[in-house]
Structure formats: structure tokens, C-alpha cells
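# Coordinates in review
One-letter residues, chain by chain:
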Amino acid sequence: MPEITLRNITKRWGKFYAVDHLDLDIADNSFITLLGPSGCGKTTILRMIAGLETPTSGQIRIGDRVVFDSEAGINIPANKRKVGFLFQNYALWPNMTVYKNIAFGLSNVKEPLPKYDFEAMKAGELAKALKNGKKIKELVEECRDKRGKLDTDRVYLKLIDAFTLSMYTAKELFNLKIHEASEPDAAAKKKAEEYAQKEASICKSYEAKGQSLDENYAVVQNGKVLMETRKLTKEEIDKTVRRVSRIVKIGMFMDRYPAELSGGQQQRVAIARTLAPEPEVLFMDEPLSNLDAKLRLEMRYELQRLHVETGSTFVYVTHDQMEAMTLATKICLINNGVLQQYDAPLDVYNRPQNLFVADFVGNPSVNFIEAKGKQAADGTLALELLDGFQAAFRPEEPLSLKDWFAKRDRDAAAAEAARTESLKDKKAVEKSNKDEVFKYHIAKVDESDYAVEEEPEITNEDFVLAIRPEAIELTENGWIPATIYGAMPTGMESTVKLKVGEYLLTSVVFGNTTFRIGEKMSLNIKGGNVLLFDRKSGKVIAAGSLEKR
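As a starting point, this report considers the structure included with it. The structure presented is a predicted model; accordingly, all values stated were derived computationally and were not measured.

### Notes on the pairing of strand S2 (residues 16-26)
In summary, the side chains of a regular strand alternate between the two faces of the sheet. Judged from the seven bridges that link them, strand S1 (residues 4-13) and S2 form a sheet pairing that is antiparallel. Residue Lys11 lies in a different strand from S2, and its bridge partner there is Val19. Between the antiparallel neighbours S1 and S2 lie two residues, among them Gly14 with a positive phi of about 65°.

Right, dumping it as C-alpha cells:
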């Protein structure tokens, strides 16, 4: 499977930038989730890679092939990019059986394909299957009902799955009636020899012409497989349909219509149809959003298994952070058309690069606490937070705030200079949906006061702490007194709202503990994953621990 590379990809409508100068590298055999709020540009990115949407500018490569380049005038259409697309709506043909739904796209394929000898292929497959007559008999006998009647449709499926055959070859194998022989191994051996001789005879005829058949029965001449522009044969289509139906476990539904299937089964059919043409990359746009919660969880496991079994590169769009965290090898988090962070799921969770990422990923949401303070000589930060509590933030790595602020200002100046320079180009269009520092939410007991307040003056002494709920430990001798404001037990854990002065903090407590509203408690901040953010830029400064000062 190929690597996908996006360079400086922009998509805009007028002054609105759906995707803003995106650079992205999607590794071979990875499972990437494009995550973000509605309208952030994630589906647009997916459609541009697939060829369903044309970028305004930039370059897209799939493997070693450039599929789009605005400067070179390259734009390969979607049907030539060898990609599969699974939509939110399954879009199955209601008047076609499951088999025909999967096979429909394959019947229209006409492209350069290897030249096979299908007679030799069938003879070789049957000779291989006939090596074990007892197994054939056992498979057939398993398909009898209580009255001893044989279900031939079930027999065909058993033979197809056991020996990786097409339906046509499976029927021929069954019609040899090995299961009726008193000595099935002997009967199978005799037939196997006949098919092996037939295969050898066909191979000799090619040798006489200076050709040969490879292990897949493709015709080889001068060391190269001969190609011909043709359609897929019925045998090839059937093999493909059976192969993908085995992968998604819907082999028994081939003769049913979509209306006779559950939502999860319909989704499997849609996946099988997408896999059938053997796309180099599989794109999925919120494919599980129409399913109920339990089925959605089951299908996540199926998608994980599918990714491993097919070895394909998956690019998956979702606004559900739980799907992104559980499925992805890397999460690409987008907001307002701009890439916010591109990392492994746990890195996005534990080390978010800005306030938006910290807020968007995590359920229950992260606790934001405003703090004010300075760095001491020993590298710790002396902070005041929650209206009077004195705390010390200890970075996990050596930190010079002076140097960090200097770099922040240099980067901001360089970005502004680059923006000003780019606007000098006559073709340049200034972005109407401006990028702003994320407005985080501080949870308070009383949030009914909507009076407009003046924006405070932000200095280099203003910070925001982000603390995950599991880092807030309830104890009898903690350094921050609190009151239980609300509790939601879910069995193995409880989500607890804590009142500290006028502020509300969220904690996750593992175990079957019962909490009473109004109960007095105290808390500690445990672990080294407390995050310190610059309030002015919204960027992360450091991770560390927080303790009483």
C-alpha cells in the first residue's frame, strides 16, 4: 500500500478557507483518523485525496504518483486513483441482492489485467482441494438437517471457505460426489490425479510456445507477465465477492436484499463492496454514525481486524473522539481548516499542543484553571490559582520561561511577516474565517451572569493549567478543600463534580464508591501530566506536577 503525501493543500470558497495550507504525511498501512468539530474541513480533506473535490492549490501524492498538482496542472480523476470510499450513507442498491451489490462495480472494470489460463487454474484448485477426501465428506455431512436432508447452498459456502474457491468451482467439486464414496480419500485421490494431469497438459502447451504459467496461473513470456485490456470474468468476480464476504463475515447473506439486513449487516456489505476492487487506500466518512451505540462498538472491533487483515491504509473521518482514540494509529486533529496536532492517540491525549486540542480530546473534558505567577530560581513556577490557593508547578524537563516567550514572539512575528508577504501576490485572498486563540471554558457554579466583561490585559505572568479528571484525587487530607456538587456512578467508575469556591472541577474516581451531594472532601493533584499553557498564544509550555506551596 502507498504512502499519501499532502503539500501546502488549500481549499477555499471565496474568502472562506475550508482547508488552510495543510501538510500531511500518511504512512503506508496506517489507520489515520481526521478528527475535529463539524465544519472544520476534515471531510473536505478526505474528498480532495480521493479526487471527489479539487483543491485550490497544493500537491497530493499517492505512492510515487502525483494525483494532483495545481502548478503542473495535474488532476487525476477519482476512478483512476485506486481508492475506495465508504460513505456515511451505505448507498446499497435496494433492488439488488448482497452478491450483486458487491459485484456491481467489478462488472464495469475494464483495464490492463494479467492474462490468466482459467482452465489450468480451476484444474489446479480442484487437484489441491481433492488431496483430502475425508475433509470434503465431513464438510458436506455438516450441512444435513435433523432429517438428513442436505442443504446444498450451505455446502457450497463450506467448500468455498475451506478451499478458497469460486462458486463455480465449488459446484464442480460437489458434483464429483466424493462424499458419497465408501472410500472418500481413494475416490478423491483418483480425481485429483486426473485434474493434475489436465493442469500439466495445459502447462506443456504453453512451454511449446515459449511461455509458462506462474504460481497464480498468469501467462509469462520472457520473464514478464503478459497483460491484456479486458473485463473481469465471472469466475474472477465471484472469487473476489467470496473473498471480501469472508473478510467481513457476510457469506451467508449473498441472496438477501438490503432491506432484509440489520444496520450492521448493511454496513458490512458496504465495506465489502468498497474492498472488492482492491483499492490502494480505503477512505471512510463517518461510516458508523447511523448505528446504535452497542453496534458501533462492535463495528470498531471489526474495522480494527479489517485493517490488520487487509494490510490497507485507512483514512477515517469522525467527530467522535472515542472512535478516533480507539481506532487510529495517528490522529490528525483539525480546527477551522488548520492542522492542530498530528500524533498517536495517547500523545494527543497526554501532550496536547494547544488549548483547543486539550479541550477537544477527553471525556469527561479536561479541567481548565487560570493561574498567575512567575518562575523561581530552581525552575519551578510559583502560582496562585482558584482565587487564593498557592501552588508550585514543577516541569518534567528543564524549562526557561524567558527563552520560551522569546521564541513564541519570534515565531509570531515570522508568521505575520509571511502572511503579509503572501498577500502581496495578486492571486492571494485574505482569510475571512480568522484563526483565533481558543476560548477555553472555566466551569463555575453560577454561569447565569452573561454581562459583557472587558477583555483582561494578558501578560507573561498569565497561564492556564489543564488537569485531566483522573488526576484529581479525592482524599481526607488533601491540600484543596472541596464539596461534592454532583456524582454520576457508571459501575466501575464515578464522574464527580467538585465545588472549590465558585469553581467546578471534574474528577473520575475508579471503584464502586458512593458520593453524597454536599459532602465535604479535599483533593490532591496527582501525577506528572498537569499541563501548563501560555494564556496569550494558547500553546503548551510544559507538562509537570502540581503541589501545594
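The structure having been displayed, the exposition proceeds.
### Focus: the sheet that holds strand S18 (residues 381-385)
Spatial strand order, S17-S18-S19-S27-S26-S20: six strands in a closed barrel with antiparallel pairing. Adjacent strand axes in the sheet meet at a mean angle of 45°, parallel and antiparallel pairs treated alike. Sheet topology note: the strand S19 (residues 389-395)/strand S27 (residues 540-548) ladder contains five bridges and is antiparallel. Pairing of Ala392 across the sheet is with Glu547, part of S27.

### Some words on helix H4 (residues 133-141)
Among the residues of H4, those classed as buried are Gly133, Ile136, Leu139 and Val140. For H4, the arc enclosing every buried residue in end-on projection is 125°, short of the 170-degree limit, so these residues lie on one face. On its buried face, H4 is in contact with helix H3 (118-129), helix H5 (152-163), helix H6 (167-175) and helix H7 (184-207). For H4, the N-terminal capping position is held by Asn132, with its side-chain oxygen 3.4 Å away from the main-chain nitrogen of Lys134.

### Some points on helix H14 (residues 401-422)
End to end, H14 covers 31 Å across 22 residues, agreeing with the expected 32 Å (1.5 Å per residue, within 8%). If you follow the buried residues of H14, they end up packed against strand S17 (367-375), S18, strand S20 (462-467), strand S26 (530-534) and S27.

### Thoughts on a negative patch on the surface
Where like charges cluster on the molecular surface, the negative patch consists of Glu384, Asp387, Asp446, Glu447 and Glu502. Of note, Glu502 is situated in the loop between strand S23 (493-500) and strand S24 (503-510). Accessibility expressed as a relative area gives 39% for Glu502, which makes it partly exposed.

### Observations concerning the pattern of salt bridges
Taken as a whole and judged by the stated rule, the model has 34 salt bridges. Across the pair Glu278 and Arg243 runs a salt bridge whose closest N-O atoms are separated by 3.4 Å. Of this pair, Glu278 sits in the loop between helix H9 (263-275) and strand S13 (281-285) while Arg243 is found in helix H8 (residues 234-248), placing the two residues 35 residues apart along the sequence. The partly exposed category is assigned to Arg243, whose relative accessible area is 27%. Linking Arg394 and Glu547 is a salt bridge whose minimum nitrogen-to-oxygen distance equals 3.1 Å. Taken as a pair, Arg394 in strand S19 and Glu547 in strand S27 lie far apart in primary sequence, 153 residues in all. Judged by relative accessible area, Arg394 falls into the partly exposed class, the value being 37%.

### Some words on the nonpolar core
By size, the foremost hydrophobic cluster in this structure holds 47 residues, and its most contacted members are Phe368, Phe393, Leu465, Leu523 and Leu546. Looking at this core, the element that brings in the most residues is S20, giving five residues. Aside from chain neighbours lying at most four places away, what touches Leu546 is Leu385, Ala391, Ala392, Phe393, Leu465, Ile467, Ile525 and Val530. In this structure, Ala103, Val248, Leu275 and Leu303 belong to the second largest nonpolar core, which totals 35 residues.

### A look at empty space enclosed by the protein
The full count for this structure, using the stated rule, is one cavity of 30 Å³ or more. Size it by volume and the largest cavity reaches roughly 50 Å³. Lining the largest cavity are Ile247, Val248, Arg268, Ile271, Met299, Glu302, Leu303, Arg305 and Leu306. The set of elements that each furnish at least two residues to the lining of the largest cavity consists of H8, H9 and helix H10 (293-310). Ranked by residue count, the leading element in the lining of the largest cavity is H10, at five residues.

### Comments concerning unusual backbone geometry
With omega at 5°, the peptide bond leading from Asn363 into Pro364 counts as cis. Within the secondary structure, Pro364 sits in the loop between helix H13 (355-360) and S17. The backbone phi angle of Asn29 is positive, close to 65°, even though this residue is not glycine. With respect to the helices and strands, Asn29 occurs in the loop between S2 and strand S3 (31-35). With a relative accessible area of 37%, Asn29 lands in the partly exposed category. Positive phi is not limited to glycine here, since Leu386 has a value of about 50°. Tracing the backbone shows Leu386 in the loop between S18 and S19.

Conventions adopted
Residues numbered from 1 in each chain as written. Predicted model: local features only at pLDDT ≥ 70, side-chain atom pairs only at ≥ 80, totals over all residues. Heavy atoms only, no water. Pairing = 2+ DSSP bridges. Helix = DSSP H or I, 4+ residues; strand = E, 2+ residues; numbered from the N terminus. Axes fitted to C-alpha atoms, helices over the stretch in contact; angles between N-to-C directions. Buried < 20%, exposed > 50% of the residue type's maximum accessible area, 1.4 Å probe, protein only. Arc of directions from axis to C-beta. Contact = heavy atoms within 4.5 Å. Polar contact = N/O pair within 3.5 Å; in protein donor to acceptor, adjacent residues only side chain to side chain. Expected span 1.5 Å × (residues − 1). Patch = residues over 30% accessible without salt bridge, like charges linked within 9 Å, V, L, I, M, F, W, Y side chains within 5 Å. Areas by Shrake-Rupley, 256 points an atom, 1.4 Å probe, with all protein chains shown as cover. Salt bridge = Lys/Arg side-chain N within 4 Å of Asp/Glu carboxyl O. Lys, Arg positive; Asp, Glu negative; His and termini not counted. Charge placed at Lys NZ, Arg CZ, Asp CG, Glu CD. Core = buried A, V, L, I, M, F, W, Y, C linked by side-chain atoms within 4.5 Å. 1 Å grid on protein atoms, 1.4 Å probe; cavity = no way out; pocket = protein on both sides within 12 Å on 5 of 7 lines; lining within 4 Å. Points joined across faces, edges and corners; volume = space filled by probe spheres on them.

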